[in-house]
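Observations on the model geometry
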Amino acid sequence: MKKLFKILFLVAMSVTAIAAANMCSETAKAAESEKEWSTGKSVIIRQKNCNFFAYLSKDGKASWVYQVRIKKDGMKKLSFPTQIKGAPVTRVGYGEELYAEDIECYYSIFKNALEPWHNCYDTDVKAKDITAIKFPATLTQIDAGAFCGFKKLKKVKIPDGVETLSSCIFAACPKLKEVKLPARLKSFDVGAFDKSKAIKKLFVPSENAEFRTKKGYLLSKDSKKIIWAPPALKKFSIPSGVTELNYGTLNDSQAKEVIIPKSVGNIGAEALSGSKIKKITLKKGNKTYKMDRGCIYRKSDKSLIAILVKNRKAKISPKVKILGDGISIMGVRARKIKRVNIPKSVKIVTGEWEFFNDHGLICSAVVYFHGKTPPEIVGENTHIPSFNKIYVPKKAKKAYIRWAENKVLSVKTWSKRYLYTF
């Protein structure tokens, strides 16, 4: 059973983490195709407080600092060299091509492991005193997870030549408040600053062709799409005219109130997930969405988009007919939900609809199905909550046992251990 659980646990990583890992992989491969590095031979630059380990490109025109080792505690500023053996530093971070094939983690610049999909963010005690980082102006690439766990870092200015911000680059930096993004930034991962909840000020140069900032938010250049909201903002009031919210817009948000204008017509997966949200307003006249009893659902197919959880109880509106992928959880972390009420109006479940179960991670949520007929399971990869207590109408028990067939290893064991009636 333990072995089975381990397999399910690994398979059921969050959508956020999988998307972030794919993006990092694509970024690393793209960079590798542009440059070939002499990874068989390290160059060491020794400074008073730390050593820099680097590789040169095969043509000798660029250098890559892949690891830093601090000699002693107390170093407050990490200053990268501008060049190594005459080659400008263009890359920093422990790159994916240096990992062993079976490694399921990122490595920081100090080669500390972090697994955001398992909520593990290692922090290096040697970096505990660093309050500032100085990058070379020639930098064009920062690898995923590079500066995770800098506990005293307050501001960061990312060089203008960096085009991609990948997952967890500045993760778990609790005092980071201000970020200046690159002028040539083209791709932004919403997990780049994962668990860095103090960020309040975000800047992007006006000459950037892809993004702009407005009211502190990172938006597309045409102001139609919100990419990310700084997590320290207490109120998420979407500017009128915005039509789309990016996947994970409110990642780590501390916002207590959300206001959605009628112009919004596309809410991305988990875009509104915020554990501190207490109040949500959907302005009248929205043509795509409606709200009922704290639930936002799509008008066209009655699919649930977001739900405001109160007292750790998720009560789905009887207007909802479909539970599917990317449902936003507001007011609590999904894993802390204690009870879910699924009304008889729900006719279809599809994809990763187990939003209350934090994408398959075991939790103590009790699930009540109020329909005498189980909802239709659409899609081969659609699962049921196999490790949660499930309550169903007394006369519907046999129907739910048939419903679980082929979705659990042993329907007999499942029905005895997890299936109850009311």
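This report concerns the structure included in the present document.

Criteria and cut-off values
- Residues numbered from 1 in each chain as written.
- Predicted model: local features only at pLDDT ≥ 70, side-chain atom pairs only at ≥ 80, totals over all residues.
- Heavy atoms only, no water.
- Helix = DSSP H or I, 4+ residues; strand = E, 2+ residues; numbered from the N terminus.
- Buried < 20%, exposed > 50% of the residue type's maximum accessible area, 1.4 Å probe, protein only.
- Contact = heavy atoms within 4.5 Å.
- Areas by Shrake-Rupley, 256 points an atom, 1.4 Å probe, with all protein chains shown as cover.
- Phe/Tyr/Trp six-rings, centres within 6.5 Å; stacked < 30°, edge-to-face > 60°.
- Pairing = 2+ DSSP bridges.
- Axes fitted to C-alpha atoms, helices over the stretch in contact; angles between N-to-C directions.

Looking at the overall build of the chain
When helices and strands are counted, the chain shows 4 helices and 36 strands. Residues classed as buried in the chain amount to 52% of the 422 residues present. Pairs at least 24 apart in sequence give 49% of the contacts found in the chain among residues at least 6 apart. Surface summary for the chain: the accessible area is close to 20300 Å², and the carbon and sulfur share equals 50%.

Comments concerning the environment of Gln47
When you line up the elements, Gln47 lands in the loop between β1 (43-46) and β2 (50-56). For the pair Gln47 and Pro81, spaced 34 residues apart in the sequence, the C-alpha separation amounts to 9.6 Å. If we skip the residues at most four places from it in the chain, Gln47 touches Phe52, Lys71 and Ser79.

A word on the packing of aromatic side chains
This structure, assessed with the given rule, holds 29 aromatic pairs. Judged by centre distance (5.2 Å) and plane angle (75°), the rings of Tyr106 and Trp117 are edge-to-face. With Tyr106 in strand β7 (residues 106-107) and Trp117 in the loop between β8 (113-115) and β9 (120-121), this pair connects stretches of sequence that are 11 residues apart. The burial state of Tyr106 is the same as that of Trp117; both residues are buried. Ring geometry for Trp353 against Phe369: centres 6.4 Å apart, planes inclined by 65°, an arrangement best described as edge-to-face. Of this pair, Trp353 sits in the loop between β32 (348-350) and β33 (366-369) while Phe369 is found in strand β33, placing the two residues 16 residues apart along the sequence.

Digging into the sheet that holds β33
If you walk across this open sheet you meet the 5 strands as β28-β31-β33-β35-β36, and the pairing is parallel. Edge positions in the sheet fall to β28 (313-315) and β36 (419-421), since each of these pairs with one other strand and no more. Taken over all neighbouring pairs, the strand axes of this sheet differ in orientation by 20° on average, direction set aside. Across 3 bridges, the pairing between strand β35 (residues 390-392) and β36 is parallel. Among the inter-strand pairings, Ile390 is bridged to a residue of β36, identified as Leu419. Where helix α3 (residues 397-404) meets the sheet, it contacts β33, β35 and β36, and its direction lies at approximately 160° from that of β36.

A closer look at the sheet that holds β9
Spatially, β7-β8-β9 is the arrangement adopted by the 3 strands of the open sheet, whose pairing is antiparallel. With partners counted over all chains shown, the strands left at the sheet margins are β7 and β9, one partner each. Sheet topology places β8 next to β9; 2 bridges connect them, and they run antiparallel. The partner of Leu114 across the bridge, within β9, is Tyr121.

Purely geometric stuff here, so don't read any function into it on its own.
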